[in-house]
Amino acid sequence: MGAGMKIRMKFFAATKEAAGVSDATLDVPSGCSSTELLAILEKTYPGLSALSEQLPTILAVNHSFLPLGDVCELQHNDEVALIPPISGG
């Protein structure tokens, strides 16, 4: 991985409560994957670590949902939304 890039984060519902913020800009290594980003987020926002143990979290990269278990390489200035499962009737 190279020098670094910025990722714009959006947090919703329980992830917003766990992180304590609704949005943030993170500096991550160039070539960072979605899986690596989740690890960085859990270190940066410890409340997310406990949440991720309880609930699967969905990522949306530039408004496109990433299927659970899929991994993508992020690009500079990508917007990544962290969305917990939503239930309702």
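These lines cover the structure that appears in this document, whether it is placed above or below. (Residues numbered from 1 in each chain as written. Predicted model: local features only at pLDDT ≥ 70, side-chain atom pairs only at ≥ 80, totals over all residues. Heavy atoms only, no water.)

1. Brief notes about the packing of aromatic side chains
As enumerated under the stated definition, the model contains one aromatic pair in all. Look at F11 and Y45: their rings are 5.4 Å apart centre to centre, the planes differ by 70 degrees, and that puts the pair in the edge-to-face class. You can see F11 sitting in strand β1 (residues 5–11) and its partner Y45 sitting in the loop between α2 (34–44) and α3 (46–54), a full 34 residues away along the chain. (Phe/Tyr/Trp six-rings, centres within 6.5 Å; stacked < 30°, edge-to-face > 60°. Helix = DSSP H or I, 4+ residues; strand = E, 2+ residues; numbered from the N terminus.)

2. So, unusual backbone geometry
We note that H63 has phi near 70 degrees; this positive angle belongs to a residue other than glycine. Its identity is not glycine, yet N77 carries a phi of approximately 70 degrees, on the positive side. By the secondary structure assignment, N77 is in the loop between β4 (64–66) and β5 (79–83).

3. Here's the deal with the pairing of β1
With burial as the criterion, only one face of β1 is covered, namely that bearing M5, I7, M9 and F11; the residues K6, R8 and K10 on the opposite face remain uncovered. Of the strand pairs in this sheet, β1 and strand β2 (residues 23–28) are connected by six bridges, and their pairing is antiparallel. Bridging from a neighbouring strand, M9 pairs with A24 of β2. Where β1 lies against β5, four bridges are found, and the strand directions are parallel. From the neighbouring strand, M9 faces β5, where its bridge partner is V80. (Buried < 20%, exposed > 50% of the residue type's maximum accessible area, 1.4 Å probe, protein only. Pairing = 2+ DSSP bridges.)

4. Observations regarding the environment of D78
You can see D78 is positioned in the loop between β4 and β5. A relative accessible area of 8% places D78 in the buried class. Considered as a pair, D78 and V61 are 17 residues apart in the sequence and their alpha carbons are 6.8 Å apart. In this view, D78 contacts K6, I7, R8, V61 and N62; residues no more than four positions away in its chain are not counted. Of note is the side chain of D78, whose polar atom sits 2.7 Å from the backbone nitrogen of Q75. (Contact = heavy atoms within 4.5 Å. Polar contact = N/O pair within 3.5 Å; in protein donor to acceptor, adjacent residues only side chain to side chain.)

5. Some points on the sheet that holds β1
On the basis of which strands lie adjacent, the open sheet formed by five strands has the order β2-β1-β5-β3-β4 and mixed pairing. Edge strands, defined here as strands with exactly one partner in the open sheet, are β2 and β4. Shown here is a sheet whose adjacent strand axes are inclined to one another by a mean of 30 degrees, direction ignored. In the sheet, strand β3 (residues 58–61) pairs with β5 via four bridges, with the strands oriented antiparallel. Across the sheet, residue V61 finds its bridge partner in β5, namely V80. Sheet strands touched by α2: β1, β2, β3, β4 and β5. Its angle to β2, the strand with the most contacts, is close to 115 degrees. (Axes fitted to C-alpha atoms, helices over the stretch in contact; angles between N-to-C directions.)

Honestly, it's all geometry; don't read function into it.
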